[in-house]
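This is what each chain is made of:
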Amino acid sequence: MAVLVVAEHDNASVKDATNKTITAALALSSDVDVLVAGLGAGAAAASAAGIAGVRKVLHAEGDAFDQGVAEAVEGLVVPLMANYDAVLFAATATGKNAAPRIAAALDVSPISEIQEVVNATTFVRPIYAGNALETIETSDAKKVITVRTTAFAAAGAGGSAAVETVTAGAPSAAVTFKGAEIVKSDRPELAGAKRVVSGGRAMGSADEFHNVIEPLADKLGAAVGASRAAVDAGYAPNDYQVGQTGKVVAPELYVAVGISGAIQHLAGMKDSKVIVAINKDADAPIFAIADYGLVADYKSAVPELMGELAKAGL
Amino acid sequence: MKVLVPVKRVIDYNVKVRVKPDQTGVDLANVKMSMNPFCEIAVEEAVRLKEKGVATEIVAVSIGPQQAQETIRTALAMGADRGILIQTDDDLEPLAVAKLLKAVIGEEAPELVLMGKQAIDGDNNATGQMMAALLGWPQATFASKVEVADGKATVTREIDGGLQTLEVALPAIVTADLRLNEPRYASLPNIMKAKKKPIDVKSTSDYGVDVSPRLKVLKVTEPPKRAGGIKVESAEQLVGKLKEAGVL
Ligand SMILES: Cc1cc2nc3c(=O)[nH]c(=O)nc-3n(C[C@H](O)[C@H](O)[C@H](O)COP(=O)(O)OP(=O)(O)OC[C@H]3O[C@@H](n4cnc5c(N)ncnc54)[C@H](O)[C@@H]3O)c2cc1C
Ligand SMILES: Cc1cc2nc3c(=O)[nH]c(=O)nc-3n(C[C@H](O)[C@H](O)[C@H](O)COP(=O)(O)OP(=O)(O)OC[C@H]3O[C@@H](n4cnc5c(N)ncnc54)[C@H](O)[C@@H]3O)c2cc1C
């Protein structure tokens, strides 16, 4: 069985989410190829070739790939599927945008956000905000899968695969890229970060979020996350949202400040290794899953924590 | 311009989901069901387009059991004009849902389909993208802003790392993210009016599409429970515990 992994990358190298997706792919088959499509993505293709277990890298160039346009990815991947039994994407915004489209074009049922490969046809995936896990078996000849990356370790270095160029057809005339606003940040990427500090509605303003959550995150070398309530209120950008309908994270340390712990939020962080909650309400549901709960007003607790972390040499 | 809005009846987002002891699924007996929150956002956006004079007719479609009529009534009370229920007690996969909706689109010929990005039960986040592929239409998923003019929709999308803007030629599929709008509550007079709006009831066999499942649910289980931890008294104690746990 041959498996294709569609890589996410920043032109220089493939993203951590893709290394994790490759691990899931290797659980299906040892014949794993990686597709790197982008604009000026040669270095990323070379980096994919260096990942352990990769058999071959396919490299395609085009504007629309750089912009993650699903129609373009469909046009590229669907013909390639003549040579593959399965195609895997990371369950990121980009992967979720393209994978179902490709599945429909191949007349197969997509399998979303797998967290375990039981065997080549059977997978475990969360439903109902992770309150239930379903084990499903597919009868489709070709499989289109997105992978919950927090459930898989990243494939490491040590490969030396060949890179092959593939050509893409003409892009769809029905879609025009108009622009993007990507927030540049020196902080680690939320989805793959080892530590995450998230703020909730308690912050009360964007300034407060900026003055309280961000310094704590920086002290810990952490990514910044937020609850939906904080995002809806405009305290934090949309893509900071952690939860059922935002990003799923599983860092070694997750610090929730002024977040109540609604099931939709827990769905996105309950697999973190160590959870810390700071909340002034001793009955907040977040304490039911937190390893360490501090019942306190964040206004005093966060500065104290900053001081203690400094004493500890951070 | 006609707008089609697929709406799904799901377990209410406030309900604590329980897995059945026989592992065949989750217990849906006697639990509160509501319109999927993302579908509400899609209906709201369609109604706003109508209020702006951009949309002329809004058709709400649901595929589900007889009670999915209530979901359609909710859409009608929010401002949709008429409904179509494809009645089935089967659990349809997104592929089957997409094929049925494609058939409805063939009959209704809408210029825009506005729908949720994700249903909060299956959490697949798939149906819109699949319909777009089956129809050969452009898609703009995870929309946080939609502007429709001159046969085009300009859509701001929530993507990893920020926002992206795409212009798609109509007809197109747009799926709604959380920040697109805040859905209204239907007023009592509008709820009364909605009772008189027409709902066409169909069956899956009316459309001649293959809805047979491709996936077999072998079992549904509860995720491992996370044991609660301890309360610490101070930031100092917290840092001590984090050091012990080896995460600092
Ligand atoms: C379809 C749908 C999808 C959703 N998806 C998500 C999702 O992906 N992610 C998500 O997070 N939510 C999601 N939600 C929303 C979720 O249900 C909650 O509304 C949200 O998580 C609440 O955010 P919060 O905890 O910041 O706010 P609140 O629930 O208002 O909690 C604020 C907390 O701050 C505490 N507090 C207040 N002041 C202080 C202080 N001075 N010091 C310390 N603590 C203080 C309070 O005790 C309280 O516990 C979704 C909802 C729906 C319907
Ligand atoms: C009683 C019952 C039990 C079920 N149990 C399971 C189960 O255990 N495992 C399982 O995989 N599936 C189950 N399903 C089916 C599953 O919930 C979904 O209907 C199906 O997988 C579609 O995926 P989704 O809802 O996650 O779609 P998504 O792609 O997440 O939905 C996105 C959007 O598509 C539209 N849409 C989706 N479905 C419909 C619809 N029926 N009518 C109108 N518009 C729609 C809506 O606009 C929605 O916002 C069950 C369904 C029912 C009714």
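Residue positions are given per chain, counting from 1 as you read along its sequence in written order. Lettering of chains starts at A and numbering of ligands starts at 1, both following the order in which they are written. In keeping with the model being predicted, local features are shown solely for residues with a pLDDT of at least 70 and side-chain atom pairs are shown and tallied solely at 80 or more, while totals for entire chains, interfaces and linings include all residues. As a rule here, side-chain values come from all non-hydrogen atoms in the structure, and water together with hydrogens is ignored.

Asks: Mind laying out the interface of chain A and chain B, listing which residues take part and the relevant values?
Replies: Between two residues, a contact is recorded if the distance between any of their heavy atoms is within 4.5 Å. Contacts between chain A and chain B engage 87 residues on the former and 79 residues on the latter. Throughout, buried area stands for the accessible area (probe radius 1.4 Å) lost by two parts on being put together, summed over both. Across the chain A/chain B interface, buried area totals approximately 6700 Å², and carbon plus sulfur atoms make up 55% of it. We define a salt bridge as a contact between a side-chain nitrogen of Lys or Arg and a carboxyl oxygen of Asp or Glu at a distance within 4 Å. Here lysine 99 of chain B makes a salt bridge to aspartate 107 of chain A, at a shortest N to O gap of 2.7 Å. N or O atoms closer than or at 3.5 Å make up a polar contact, with two conditions inside protein: a donor-capable atom paired with an acceptor-capable one, and, for residues adjacent in sequence, both atoms drawn from side chains. The interface formed by chain A and chain B includes 48 residue pairs in polar contact (both at pLDDT 80 or more). The leading source of residues in the side of chain A that touches chain B is helix 5 (residues 93–105) of chain A, at 9 residues. Three classes are used: nonpolar for Ala, Val, Leu, Ile, Met, Phe, Trp, Tyr, Cys and Pro, charged for Asp, Glu, Lys and Arg, and polar for all others, with Gly counted as polar. Of the residues in the side of chain A that touches chain B, the class split is 42 nonpolar, 21 polar and 24 charged. When DSSP finds two or more bridges between two strands, those strands count as paired. Here a helix means four or more residues in a row that DSSP labels H or I, a strand means two or more in a row labelled E, and each is numbered from the N terminus. Two strands pair when backbone bridges link them, and strand 16 (residues 292–295) of chain A and strand 13 (residues 230–232) of chain B are joined in this way by 3 bridges, in the parallel orientation. Residue pairing in the sheet places glycine 293 of chain A in a bridge with lysine 231 of chain B of strand 13 of chain B.

Asks: Could you give me a rundown of unusual backbone geometry, with the residues and numbers involved?
Replies: Residue and element names in this part refer to chain B. In this structure, the amide linkage connecting leucine 170 to the following residue, proline 171, adopts the cis form with an omega of 5°. Within the element layout of this structure, proline 171 appears in the loop between strand 9 (162–169) and strand 10 (172–176). A positive phi angle, near 60°, is found at asparagine 30, a position not held by glycine. Inspection of the secondary structure assignment puts asparagine 30 in the loop between strand 2 (9–11) and strand 3 (33–35). Each residue's exposure class comes from its accessible area (1.4 Å probe, protein chains only) as a fraction of the maximum for that residue type: buried when under 20%, exposed when over 50%, partly exposed otherwise. Given the relative accessible area of 83%, asparagine 30 is considered exposed. The phi dihedral of phenylalanine 142 is positive, around 55°, even though this residue is not glycine. Here phenylalanine 142 shows up in strand 7 (residues 139–149). Owing to a relative accessible area of 3%, phenylalanine 142 belongs among the buried residues under this scheme.

Asks: Any details on the site of ligand 2? Residues and values, ideally.
Replies: In the neighbourhood of ligand 2, 25 residues make up the surrounding shell, with Glu134 of chain A together with Lys8, Ile63, Ala119 and Ala126 of chain B lying closest. We define proximity as follows: a residue is near a molecule or strand when any one of its heavy atoms falls within 4 Å of that partner. At ligand 2, the nearby residues belong to more than one chain, namely chains A and B. Alanine 126 of chain B places a polar main-chain atom, nitrogen or oxygen, 2.8 Å from an oxygen atom of ligand 2. We get accessible surface area from the Shrake-Rupley algorithm with a probe of 1.4 Å; when it comes to residues, only the shown protein chains can shield them. When the free accessible area of ligand 2 is taken as 920 Å², the share hidden by the protein chains comes to 86%.

Asks: Before we move on, can you summarise empty space enclosed by the protein with the specific residues and values?
Replies: The definitions used throughout rest on a 1 Å grid laid over the protein atoms alone, on which a cavity is an enclosed set of points accommodating a 1.4 Å probe that cannot get out and a pocket is an open set flanked by protein within 12 Å on both sides along at least five of seven lines; lining residues are those having an atom within 4 Å of a point. Grid points are joined across faces, edges and corners, and a volume is the space filled by probe spheres set on the points. One pass over the full model with this rule turns up 7 cavities of 30 Å³ or more. Taken as a whole, the largest cavity holds about 160 Å³ of empty space. Along the walls of the largest cavity sit 17 residues, with Glu113, Arg148 and Gln244 of chain A together with Gln118 and Asp123 of chain B positioned nearest its centre. Those elements that place two or more of their residues in the lining of the largest cavity are strand 5 (111–114) and strand 7 (122–127) of chain A.

Asks: Explain the confidence of the model for chain B to me, using residue names and the numbers behind them.
Replies: A score between 0 and 100, pLDDT records how confident the predictor is in each residue. Summarising the model, chain B shows a mean pLDDT of 96, and 100% of its residues fall at 70 or more. Model confidence for the complex: the whole-complex pTM is 0.90, and ipTM, which rates the interface, is 0.92.

Asks: Please give an account of the side chain of glutamate 45 of chain B that cites residues and values.
Replies: All names here are of chain B. Relative to the assigned elements, glutamate 45 resides in helix 1 (residues 37–51). Only four residue types enter the charge count, namely Lys and Arg as positive and Asp and Glu as negative; His and the chain termini do not. Within the buried set, glutamate 45 has no salt-bridge partner at all; the shortest N-O distance to an opposite charge, 5.1 Å, is to arginine 48. Apart from the residues lying within four places of it in its own chain, the contact partners of glutamate 45 are Leu114, Val146, Leu180 and Asn181.

Asks: Mind laying out the nonpolar core, listing which residues take part and the relevant values?
Replies: Put simply, a nonpolar core is a bunch of buried Ala, Val, Leu, Ile, Met, Phe, Trp, Tyr and Cys residues held in one set by side-chain atoms that sit within 4.5 Å of each other. The biggest cluster of nonpolar side chains holds 100 residues, and the ones touching the most others in it are Leu35 and Val77 of chain A together with Val5, Leu112 and Leu114 of chain B. Per-element tally for this core: the top contributor is helix 3 (residues 94–108) of chain B, with 9 residues. Among all residues touching leucine 114 of chain B, those that are not within four sequence positions of it are Val3, Leu4, Val5, Pro6, Ala42, Glu45, Ala46, Leu49 and Val174 of chain B. Of all hydrophobic cores here, the second largest spans 36 residues; its members include Ala226, Val255 and Val274 of chain A together with Leu238 of chain B.

Asks: Give me the lowdown on a nonpolar patch on the surface, citing residues and values where you can.
Replies: Surface patches are drawn from residues lacking salt bridges whose relative accessible area is over 30%; two like charges belong together within 9 Å, two nonpolar side chains (Val, Leu, Ile, Met, Phe, Trp, Tyr) within 5 Å. On the surface, Leu188, Ile191 and Met192 of chain B cluster together to form a nonpolar patch covering roughly 290 Å² of accessible area. Along the chain, the position of methionine 192 of chain B falls in helix 5 (residues 188–194).

Asks: Explain the sheet that holds strand 5 of chain A to me, using residue names and the numbers behind them.
Replies: All names here are of chain A. Here 7 strands make up an open sheet; going across it, the order is 5-9-4-1-2-3-10 and the pairing parallel. Edge positions in the sheet fall to strand 5 and strand 10 (162–165), since each has one partner strand and no second. Within the sheet, the average angular offset between the axes of one strand and its neighbour, ignoring direction, is 25°. Pairing geometry for strand 1 (residues 2–6) and strand 4 (residues 86–90), over 3 bridges, is parallel. Along strand 4, the bridge assignment pairs valine 5 with leucine 88. Inter-axis angles, ranging from 0 to 180 degrees, are taken between N-to-C directions of lines fitted to C-alpha atoms, where helices are fitted over the stretch in contact. Contacts between helix 1 (residues 16–28) and the sheet are confined to strand 1, strand 2 (31–38), strand 3 (54–61), strand 4 and strand 9 (143–147), with strand 4 contributing the most and set at about 150° to the helix. Sitting on the sheet, helix 2 (residues 42–49) is in contact with strand 2, strand 3 and strand 10, with an inclination near 170° to strand 3.

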